[in-house]
Amino acid sequence: DVIKIRLQMQLAGQRGNLVGMGAIFTQMVEREGPRSLYLGFAPALTRSLIYGGLRLGLYEPCKHVCSYAFGSTNFAFKFASGVVAGALATALTNPMEVLKVRSQMSTSRISTIGVMREIVSEEGVKALWKGVGPAMVRAGCLTASQMATYDEAKQVLLMWTPLEEGFQLHLMYCEICPAFCCLYLDEIC
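Residues numbered from 1 in each chain as written. Predicted model: local features only at pLDDT ≥ 70, side-chain atom pairs only at ≥ 80, totals over all residues. Heavy atoms only, no water.

Engineer: Would you explain the packing of helix α3 (residues 41-70) against helix α4 (residues 75-105) in this entry?
Structural biologist: Two quantities define a packed helix pair, namely the angle between the axes and the distance from one axis to the other. It is at 7 Å that the axes of α3 and α4 come closest, and there the two elements cross at 155 degrees. The orientation of α3 with respect to α4, classified from their angle, is roughly antiparallel. Note on packing geometry: the crossing formed by α3 with α4 is right-handed. Of the residues contributing to the contact of α3 with α4, the split by class is 18 nonpolar, six polar and six charged. (Axes fitted to C-alpha atoms, helices over the stretch in contact; angles between N-to-C directions. Helix = DSSP H or I, 4+ residues; strand = E, 2+ residues; numbered from the N terminus. Parallel < 35°, antiparallel > 145°, perpendicular 65-115°, else oblique. Left-handed = near helix turned anticlockwise from the far one by under 90°. Nonpolar A, V, L, I, M, F, W, Y, C, P; charged D, E, K, R; others polar.)

Engineer: Sorry if this is basic, but what is going on with the side chain of T143 here?
Structural biologist: Among the structural elements, T143 can be located in helix α6 (residues 132-160). Residue T143 is classed as buried on the basis of its relative accessible area, which comes to 0%. At a separation of 2.9 Å, a polar atom in the side chain of T143 contacts the side chain of R55. (Buried < 20%, exposed > 50% of the residue type's maximum accessible area, 1.4 Å probe, protein only. Polar contact = N/O pair within 3.5 Å; in protein donor to acceptor, adjacent residues only side chain to side chain.)

Engineer: Help me out: how do you make sense of the pattern of salt bridges in this one?
Structural biologist: Oppositely charged side chains can pair when the atoms bearing their charge come close. Following the criterion strictly, the structure yields ten salt bridges and no others. Notably, a salt bridge pairs D1 with K100, separated by 2.6 Å at the nearest N-O pair. On the criterion of sequence distance, the pair formed by D1 in the segment before α1 (2-11) and K100 in helix α4 is long-range, its members being 99 residues apart. Classification of K100 by relative accessible area gives buried; the value is 7%. E60 is the salt-bridge partner of K63, the closest N and O atoms lying 3.4 Å from each other. Here K63 pairs with E60, and both are found in helix α3, just three residues apart, close to one helical turn. Its relative accessible area of 11% is what places K63 among the buried residues. With a relative accessible area of 31%, E60 lands in the partly exposed category. (Salt bridge = Lys/Arg side-chain N within 4 Å of Asp/Glu carboxyl O.)

Engineer: Any chance you could explain the side chain of S103 here in plain terms?
Structural biologist: Looking at where S103 falls in the secondary structure, it is placed in helix α4. Owing to a relative accessible area of 6%, S103 belongs among the buried residues under this scheme.

None of this, on its own, says anything about what the molecule does.
Written out as structure tokens, the structure is:
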């Protein structure tokens, strides 16, 4: 991920002449040491754990609100619940994403707290939410498509098979749609 960020930054004109992934890898290891490949790891891990839990954990309450308010949980409301869950999860975890990217861009070894202090003192607290709008749209669409599809498919499997709610039902869905299962399990694990 650090190499990807450095590649993107050179395209933005902030890292000199354009070089490839291999050259960036070599330069980083030679100039900054092998640990530089893990810059931003703490905020990335923190964001991943919190974001994954929030987007999965907020989906059902959002769906229940739709059911209470509109008397329905059809696919459109499930999709809307996913949009809200994903967008809220991103809005709450965006500061960790900003800290991760800033840590990865930096060639100095400043701690995550140090990076946060630097951002807040130079740019203000609002800077921790830079880029939150597009990130919320992306996460909302991603969560909506995954959760609504999973929920609908699960309901169909409950109707058409003798399976009951639980692990076996989830495994059956994984057999039908393994791509979603990898994403779903990755967020949980």
